[in-house]
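Per-entry structural report
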Amino acid sequence: MSDDEARFSAIFRNLGAVTAYAQRRGSRDSEALAAEVMTIAWRRLDRVPRDDPAPWLYATARNLLLAERRGTTAVGELPDVAMPASEPVSLDPAIDRALRALSPKDREALLLVAWEDLTPAQAARALGMNATAFRVRLLRARRRLQAALADDARPPVTMEVEEA
Amino acid sequence: MNMDQLTAANPVPSVPALDDRALFERIVALPHERGRRVPRKRTAIVLAFAVAAVLASTTYGVSSWLAAVKPPVTLQEYSAAQRYLTLPPGYTWPVLHVDSNSVTSPGAGGGHAVTVAMVDWECYWVSAIRSHDATAQGRAHAELKTLLHDNTVVAPAGASENWSPPVDARQPVQVFADDGGYQYKERMYAAAAAGDPTLLMQSCAVNGIR
């Protein structure tokens, strides 16, 4: 096995994690997407960070998901990879609604840490943010999620609203 | 909810231990896409264009890119913006606290004022809905549409977190990342005007606490 292959072998151990990430984000074909991520990692091996490839892999997967989502998104709509496009995975309805009430960046910040088990520093690198800005975003996202859940738990209110 | 609860809600809780040797072999049989060396002549041309682009920019533009501003400037921007923005009846401008050793992007003080105004009008709208005050609801909606239209810009796709447009004191702007936040606000206001104020109430609940 060459040096490159030995190095890629360590990267390749993330195949399951990348597949699970794609599945959680509702990829049409999570295994194919993960394979594509690995192929890109091999072809651009000199650009994959040696010390910790995980953030790079998630960032690449996210870009591929965006491309996949653009292919299924109507013109004028913005693709959002932080939530599944359809419902390929089961999620508690209240949490699903609360997550959808967040901005895509807030959601992705929360989910990279909570579901993908990345450290805040890794998640920050995956999103191309500095660690401090990420921590602030994460804190705010948690508060917003909490508020959205609390609001969701309240009984619906009927109100009259008139157009300006 | 804490992070543990969110973690527990993971729809795909376990990571499959995939060891697809056939896939591995197929991938490593592919050639690398090594960083191709750019010929020196092309490098020189690219550098020349980059330098020309920077020089062609206005001094003001360059200072906007490079110069972060200190707290007195941010506070002055915040104060100046208040002359051009309107708060709902009964609302007052909060004091802006800026750490003395911090720096911010040019225009951030004005942007903060726009954010304050927007949140206040959202909460005013929620109050108006609760009190069935149709006139106040209409005014809040109109003010928020103006704030979105005149005082909000969306950063270019891929721009850095501290991207800021040229500063015009008479037109303070808040900057939204290119992540759908602007469209989310539009949807929120349209839904509230159409009789579904759920998102508006959430926004006020989360952002309206001073």
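**Describing the overall build of chain A**
Scanning chain A from terminus to terminus reveals 8 helices and 0 strands. Start at the N end of chain A and walk to the C end: the helices and strands fall as α-α-α-α-α-α-α-α. Residue burial in chain A is summarised as follows: out of 164 residues, 52% are buried. When contacts within chain A are restricted to residue pairs at least 6 apart in sequence, long-range pairs at least 24 apart make up 63% of them. Surface accessibility of chain A: about 8100 Å² in total, with carbon and sulfur atoms responsible for 47%.

**Description of the environment of Asp-117 of chain A**
Residues and elements named next belong to chain A. Within the secondary structure, Asp-117 sits in the loop between α6 (104-114) and α7 (120-126). What makes Asp-117 exposed here is its relative accessible area of 65%. It is 9.7 Å that separates the C-alpha atoms of Asp-117 and Ala-17, two residues lying 100 residues apart in sequence. Setting aside residues no more than four positions away along its own chain, Asp-117 makes contact with Leu-112 and Gln-122.

**What about the pattern of salt bridges?**
It is possible for side chains of opposite charge to pair when their charged atoms get near one another. All names here are of chain A. Applying the stated criterion across every chain yields a total of 11 salt bridges over all chains. Linking Asp-52 and Arg-125 is a salt bridge whose minimum nitrogen-to-oxygen distance equals 3.0 Å. Taken together, the residues Asp-52 in the loop between α3 (30-43) and α4 (54-70) and Arg-125 in helix α7 connect sequence positions 73 residues apart. Where Arg-144 meets Asp-106, a salt bridge forms, and the shortest distance between an N and an O atom there is 2.8 Å. Taken together, the residues span a long stretch of sequence, with Arg-144 in helix α8 (residues 131-153) and Asp-106 in helix α6 at a distance of 38 residues. When its relative accessible area of 3% is taken as the criterion, Asp-106 is described as buried.

**Quick notes on helix α2 (residues 15-24) of chain A**
Side chains that are three or four residues apart share a direction in an α-helix, a result of its 3.6 residues per turn. Most of α2 of chain A is tucked away, with 9 of its 10 residues classed as buried. Where α2 of chain A is concerned, the buried positions are Leu-15, Gly-16, Ala-17, Val-18, Thr-19, Ala-20, Tyr-21, Ala-22 and Arg-24 of chain A. Structurally, α2 of chain A contributes buried residues whose contacts are with α1 (3-12), α3, α4 and α6 of chain A together with α2 (21-28) of chain B. Directly after α2 of chain A, the chain includes Gly-26 of chain A, whose backbone phi takes a positive value near 75°.

**Some details on the interface of chain A and chain B**
Across the boundary between the two partners, chain A contributes 54 residues, which contact 49 residues of chain B. Both sides of the chain A and chain B interface together cover about 4700 Å² of buried area, and 63% of this is carbon and sulfur. The tally of links between chain A and chain B comes to 0 salt bridges. At the junction of chain A and chain B, the tally comes to 10 residue pairs in polar contact (both at pLDDT 80 or more). Contributing elements (two or more residues each) for the side of chain A that touches chain B: α1, α2, α3, α5 (93-100), α6 and α8 of chain A. For the side of chain A that touches chain B, the leading source of residues is α8 of chain A, giving 11 residues.

**What to know about the state of the cysteines**
Residues and elements named next belong to chain B. Applying the stated rule across the entire model yields 1 disulfide over all chains. Across a sulfur-sulfur distance of 2.1 Å, Cys-123 and Cys-204 are joined as a disulfide pair. Looking down the S-S bond of the Cys-123 and Cys-204 bridge, the torsion is 115°, so its handedness is right-handed. Here Cys-123 is found in helix α6 (residues 108-130), whereas its partner Cys-204 is found in helix α9 (residues 198-207), with 81 residues between them in sequence.

**Let's talk about the nonpolar core**
Ranked by size, the top nonpolar core spans 88 residues in total, and within it Phe-8, Met-38 and Leu-99 of chain A together with Leu-6 and Trp-125 of chain B carry the most contacts. Here the element with the most residues in this core is α6 of chain B; it accounts for 13 residues. Discounting residues that sit within four places of it in the chain, Met-38 of chain A has contacts with Phe-8, Ile-11, Phe-12, Asn-14, Leu-15, Val-18 and Leu-57 of chain A together with Ile-27 of chain B.

**Comments concerning the side chain of Arg-107 of chain A**
Within the secondary structure, Arg-107 of chain A sits in helix α6. A polar side-chain atom of Arg-107 of chain A sits 3.2 Å from the main-chain carbonyl oxygen of Arg-100 of chain A.

**Brief notes about unusual backbone geometry**
Within the chain, Asp-117 of chain A stands out as a residue other than glycine whose phi angle is a positive 65°. A positive phi angle is found at His-132 of chain B, which is not glycine, with a value near 55°. Mapped onto the elements, His-132 of chain B comes out in the loop between α6 and α7 (134-150).

**Considering the confidence of the model for chain A**
In low-pLDDT segments, the atomic positions of the prediction should not be examined closely. Residue and element names in this part refer to chain A. Residues of chain A with pLDDT of at least 70 account for 81%, and the chain-wide mean is 83. This model gives residues 73-79 a pLDDT under 50, and the stretch forms 8 contacts once residues within four places in sequence are excluded. Predicted confidence is poor over residues 157-164, with pLDDT under 50, and the contacts of this stretch with residues over four places away or in other chains come to 20 contacts.

**Looking at the packing of aromatic side chains**
Where two aromatic rings form a pair, the distance of their centres and the angle of their planes describe that pair. One pass over the structure, following the stated rule, counts 10 aromatic pairs over all chains. A centroid spacing of 6.3 Å and a plane angle of 75° characterise the contact between Phe-176 of chain B and Tyr-182 of chain B, whose relative ring orientation is edge-to-face. Judged by its relative accessible area of 17%, Tyr-182 of chain B falls in the buried class. In this structure an aromatic cluster arises from ring pairing among Phe-8, Phe-12 and Trp-42 of chain A together with Phe-24 of chain B.

The rules behind the values
Residues numbered from 1 in each chain as written. Chains lettered and ligands numbered in written order. Predicted model: local features only at pLDDT ≥ 70, side-chain atom pairs only at ≥ 80, totals over all residues. Heavy atoms only, no water. Helix = DSSP H or I, 4+ residues; strand = E, 2+ residues; numbered from the N terminus. Buried < 20%, exposed > 50% of the residue type's maximum accessible area, 1.4 Å probe, protein only. Contact = heavy atoms within 4.5 Å. Areas by Shrake-Rupley, 256 points an atom, 1.4 Å probe, with all protein chains shown as cover. Salt bridge = Lys/Arg side-chain N within 4 Å of Asp/Glu carboxyl O. Buried area = accessible area lost by both parts, 1.4 Å probe. Polar contact = N/O pair within 3.5 Å; in protein donor to acceptor, adjacent residues only side chain to side chain. Disulfide = S-S within 2.5 Å. Core = buried A, V, L, I, M, F, W, Y, C linked by side-chain atoms within 4.5 Å. pLDDT = per-residue confidence, 0-100. Phe/Tyr/Trp six-rings, centres within 6.5 Å; stacked < 30°, edge-to-face > 60°.

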